[in-house]
Amino acid sequence: MDLLDVGQAIMDEQQAHRAATIGSNLRTLRRQRGISLRSLAQQTGISQGYLSMVENGHRLLDSQRFIDAIADVLRISPAELTGQPAAPVDPTSGGAHAAIPALRLALMGLALPAAHGERLPEDPFQLLTARVARANNLYHASEYGTLAVELPALLSDLRAAADARHGYARRRLLQLLAGAYHPACVLLLKYLGYPDLAFVAVTRAAEVIAELEDPQYAALSEFFTAHVLLAVGSPDQAQLRAAAAISSLEAQLGSGRAPHALLGELHLISATAITRDKTRAGEARRLDAATHLAEAERLAQRTGETRDWHLNFGLINTAIHRVSLNTALGRHGDAAAAGEGLHPETMTAPGRRMAYHADLGRALAHMRGREGDATRQLLLAERAGPQRLRADPLVRDCVTYLLGRPMTAHARRDLRGLAHRVGALN
């Protein structure tokens, strides 16, 4: 046998050993999860026969696409299957990031309506209203990939329709355009990690709102500007903008539900900004944030659960903020107590459930003996809003912290899978 044959024999032996190891790992992990081979095949789109050969060591699982698909269904790190490190993967947000160049062009006013669809009808208001509502529903469902793909055409169509009309018709279309920028566009870009583009979006919205000359829309613009300022690490500026909007809105509040809901949202963003302002003393931050939260709760008692301004304001939202604010202040016991009094099944918007579970998980991570509970909450958050969670640097930091904490083998396996998906595990 010459050296080439010896080398080939060694390679074949190594591959056979690797195939047997991966196959054994797959069978063990699948059974631990209680998933049948048939179910795994259906969920991954990989044939049952192929998976059977892999488990029996007759085929080497060397397709990264198959490895990622299996790991995703089993909620593990690919390294658990292969024994080798793999680059983090987030297929759910890939489409969203791929659509950013087109959205950037739309924000610059360079996308052409004719390039992406049929000509709009003479009176497009009803159609565009439905599309704006859909865009905001996609945001609240954390369906960022679909939303990012649809937004460029929507913004271009809204701009073209508004520019072709005058008077009352133009005003209604400008209100729709503001509704597309807020929150669909601004918050999408913020949570995907594009705060600079989010600032462009909020600036475009401010230009539209200036023409409306409506104090409520002006306050709405300041609310989203505060969101962007928080995203770029300027909580003091965010709080100043929110405070100015609160004063302006209170002076012209009236009796309608919508302005009261917006005022409540402004108090919540003020409380959030205060908790992140490290220039304030700790106790002052706690007291000031509590004051704004109490005012938001009072307003929520008046408004009930609302979807005004394409937002979710009400007692559920203020309760979620009680968890997040205490977590941000390092009052983890108070955050856990507030979180355990909530009922996730009442939260119809996946984005709300994601925020609740993520903030509760972050609080539990810092409580001795609750590491497994923290991991479970973070996994529930991922299930509710995977694209938003995997882009959250606070969650990534929390997962990294938990990796160094003691926990059961089962919880650690779950955590390592999550760590891979959020990019915290190399």
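Residues numbered from 1 in each chain as written. Predicted model: local features only at pLDDT ≥ 70, side-chain atom pairs only at ≥ 80, totals over all residues. Heavy atoms only, no water.

- Labelled according to an unreviewed UniProt entry, the protein appears under the name Helix-turn-helix domain-containing protein, originating from Streptomyces bacillaris.

**Topic: the packing of aromatic side chains**
- Going through the model one piece at a time under the given rule, you end up with five aromatic pairs.
- On the numbers, 5.5 Å between centres and 70° between planes, the contact of Tyr50 with Phe66 is edge-to-face. Note that Tyr50 is positioned in helix H3 (residues 48-55) and Phe66 in helix H4 (residues 64-74), a separation of 16 residues in sequence.
- According to the relative accessible area criterion, Tyr50 is buried, its value standing at 11%.
- Residue classification places Phe66 among the buried residues on the basis of a relative accessible area of 18%.
- An angle of 85° between the planes, with centres 5.2 Å apart, marks the rings of Tyr217 and Trp309 as edge-to-face. Placement of Tyr217 in helix H12 (residues 215-231) and of Trp309 in the loop between helix H15 (282-303) and helix H16 (315-328) is noted, with a sequence separation of 92 residues between them.
- Residue Trp309 is classed as buried on the basis of its relative accessible area, which comes to 15%. (Phe/Tyr/Trp six-rings, centres within 6.5 Å; stacked < 30°, edge-to-face > 60°. Helix = DSSP H or I, 4+ residues; strand = E, 2+ residues; numbered from the N terminus. Buried < 20%, exposed > 50% of the residue type's maximum accessible area, 1.4 Å probe, protein only.)

**Overview of the pattern of salt bridges**
- Under the counting rule described, the total for this entry stands at 25 salt bridges.
- Between Asp334 and Arg331 there is a salt bridge, and its shortest N-O distance comes to 2.9 Å.
- Owing to a relative accessible area of 37%, Asp334 belongs among the partly exposed residues under this scheme.
- Its relative accessible area of 32% is what places Arg331 among the partly exposed residues.
- In this structure, Glu371 and Arg405 form a salt bridge, with 3.0 Å as the shortest nitrogen-oxygen distance. (Salt bridge = Lys/Arg side-chain N within 4 Å of Asp/Glu carboxyl O.)

**What to know about helix H22 (residues 409-422)**
- For H22, spanning 14 residues, the distance from its first C-alpha to its last is 20 Å, which sits close to the expected 20 Å at 1.5 Å a residue.
- Burial in H22 covers these residues: Ala411, Asp414, Leu415, Gly417, Leu418, Ala419, His420, Arg421 and Val422.
- Gly423, located one to two residues past H22, shows a positive phi value of around 85°. (Expected span 1.5 Å × (residues − 1).)

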